[in-house]
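# Observations on chain architecture
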Amino acid sequence: MDKLFMASSYLRHRLLGTTLQGVHSPFAFELFHKVIKDETPYYFYDDIESLRSKLLINEKEIDVCDHGTGGKNIQSRKLKISHIAKNFIQPKRKARLLSRLVTHFRPVNILELGTSLGISTLYMALANKSNRIITLEGCPQTASIAMDNFEKLGAKNIELINDEFDTGLPKALEKIDQLDLVYFDGNHTEEGTLKYFDECLAKHHKQSLFIFDDIYWSRGMNKAWKKIASHPEVSISIDLFHTGLIFFREGIPKQHFNLKF
């Protein structure tokens, strides 16, 4: 993570970002008002946060390998589950946004790149139990804990593929006719992000939603986000700083929004 770049980018985003009153696109206004800023507490939130609380005090150590941060030396390291839960899974605010997006757009086929301990997966799975989620996780021991968490909350609409993205993503795409929602949260490099975006683009449609996490993680990650937002197939891109939303809607002129969230 490039902390200096992230800090300066955050300050610029807060100074230049738009509030609800500054959004003039009907599509973006409705999304911002009804989904992004909504604070409705759904019934399953407490169950997931109770699970998170238990992970935060779990002192068991596991072997973790991280393939997605751009490091050259991908080796296993021992980390406590509590450390992973504190530092590497989505905070409540961002995870609940995922849930609201699923509730609003009701995607049937969801693909998640980066399961971690399964908290974000559960927020999407329990928002609509009739959807189907395929999630990819490269670390075997992390994937095992995620599977246990899915079972604890009775989320039967999740299929986890324990494989690196380069080999696991083609396997996942073979199982899906079209992608309604893709959540990119497992690779924070420019090259990897663009590669997996291009692969998923082959199965997108005009109602698809692509969600990118940590778009200001580094200069490279931000370059990837800007390239994706400018792609000719993209009609609307929304920068929420920590999260980026990509839409492919027809009949809407190309627009980009920096929204304060």
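Notes on the structure follow. Just so you know, the residues in each chain are numbered from 1, in the order the chain's sequence is written. Given that the model is predicted, a residue must reach a pLDDT of at least 70 before its local features are reported, and side-chain atom pairs must reach 80 or more before they are shown or counted; all residues, however, enter totals for whole chains, interfaces and linings. Side-chain metrics in this entry use all non-hydrogen atoms of the structure; hydrogen atoms and water are not considered.

As a further point, take the overall build of the protein. The secondary structure content of the protein amounts to ten helices and ten strands. For 261 residues, the compact-globule estimate of 2.2 N^0.38 gives 18 Å, and the C-alpha radius of gyration of the protein, at 18 Å, lies within 12% of that figure. For the C-alpha atoms alone, the extent of the protein along its principal axes is close to 50 × 40 × 35 Å. Looking at the 261 residues of the protein, the share that counts as buried comes to 54%. We call two residues in contact whenever any of their non-hydrogen atoms come within 4.5 Å of each other. Within the protein, residue pairs in contact and separated by at least 24 positions form 69% of the contacts whose partners lie at least 6 positions apart. To qualify as a helix, a DSSP run of H or I must reach at least 4 residues; to qualify as a strand, a run of E must reach at least 2; elements of each kind are numbered from the N terminus. Each radius of gyration is computed over the set of C-alpha atoms, and the globule rule expresses the reference value as 2.2 Å times the number of residues to the power 0.38. Per-residue accessibility, obtained with a 1.4 Å probe over protein chains only, is compared with the maximum for each type, and a residue is labelled buried under 20%, exposed over 50%, and partly exposed between these values.

Further remarks concern the sheet that holds strand E3 (residues 109-113). Pairing between strands requires that DSSP locate at least two bridges from one strand to the other. Taken in spatial order, the eight strands of this open sheet run E5-E4-E3-E6-E7-E9-E8-E10, and their pairing is mixed. Edge strands, defined here as strands with exactly one partner in the open sheet, are strand E5 (158-162) and strand E10 (255-258). Adjacent strand axes in the sheet meet at a mean angle of 15° when their direction is disregarded. Direction of pairing for strand E4 (residues 132-137) relative to E5: parallel, over a ladder of five bridges. Among the inter-strand pairings, Ile133 is bridged to a residue of E5, identified as Ile158. Axes, fitted as lines to C-alpha atoms, cover a helix only where it is in contact. Angles between the N-to-C directions of the axes lie from 0 to 180 degrees. The strands touched by helix H2 (residues 26-36) within the sheet are strand E8 (236-239), strand E9 (243-247) and E10, with E9 carrying the most contacts at an inclination of about 135°. Relative to strand E7 (residues 209-213), helix H5 (residues 92-105) is tilted by about 180°, and along the sheet it contacts E3, strand E6 (181-184), E7 and E9.

At their nearest, the axes of H2 and H5 sit 10 Å apart, and the two run at 120° to each other. Relative to H5, H2 is oriented oblique. Our pair here, H2 against H5, has a crossing hand that is right-handed. Residues Phe27, Leu31, Val35 and Ile36 of H2 touch H5, and the partners they reach there are Leu97, Arg100, Leu101, His104 and Phe105. Among the residues forming the contact of H2 with H5, the class breakdown is seven nonpolar, one polar and one charged. What sets the label is the angle itself: under 35 degrees gives roughly parallel, over 145 gives roughly antiparallel, 65 to 115 gives roughly perpendicular, and the rest give oblique. Take the far helix as your reference; a near helix turned counterclockwise from it by less than a right angle gives a left-handed crossing, and one turned clockwise gives a right-handed crossing. For this classification, the nonpolar set comprises Ala, Val, Leu, Ile, Met, Phe, Trp, Tyr, Cys and Pro, the charged set comprises Asp, Glu, Lys and Arg, and every other residue, Gly included, is treated as polar.

Here Asp180 lies in the loop between helix H8 (165-174) and E6. One buried charge, Asp180, has no salt-bridge partner; the nearest side chain with opposite charge is Arg132, at 9.4 Å. The definition of a polar contact used here is a pair of N or O atoms within 3.5 Å, where within protein one atom must be able to donate a hydrogen and the other to accept one, and adjacent residues in sequence count solely through side-chain atom pairs. There is a polar contact of 3.0 Å between the side chain of Asp180 and the backbone nitrogen of Val108. Polar contacts involving the side chain of Asp180 include one to the side chain of His205, which spans 2.7 Å. Beyond its immediate sequence surroundings of up to four residues, Asp180 is in contact with Pro107, Val108, Asn109, His205, Gln207, Ser208 and Leu209. Charge counting treats Lys and Arg as positive and Asp and Glu as negative, with His and both chain ends excluded. Only one rule defines a salt bridge in this text: a Lys or Arg side-chain nitrogen within 4 Å of an Asp or Glu carboxyl oxygen.

This brings us to helix H9 (residues 190-201). Residues separated by three or four positions in an α-helix point in the same direction, a consequence of the helix having 3.6 residues per turn. Helix span is expected to be 1.5 Å times the residue number reduced by one. Helix length check: H9 (twelve residues) gives 16 Å between terminal C-alpha atoms against 16 Å at 1.5 Å per residue, within 8%. Buried residues of H9: Gly192, Thr193, Leu194, Tyr196, Phe197, Cys200 and Leu201, and no others. Contacts made by the buried residues of H9 are with E3, H8, E6, E7 and helix H10 (219-229). N-cap assignment for H9: the residue whose side-chain oxygen lies 3.0 Å from the backbone N of Gly192 is Thr189.

Function-wise, these values are silent; they only describe arrangement.
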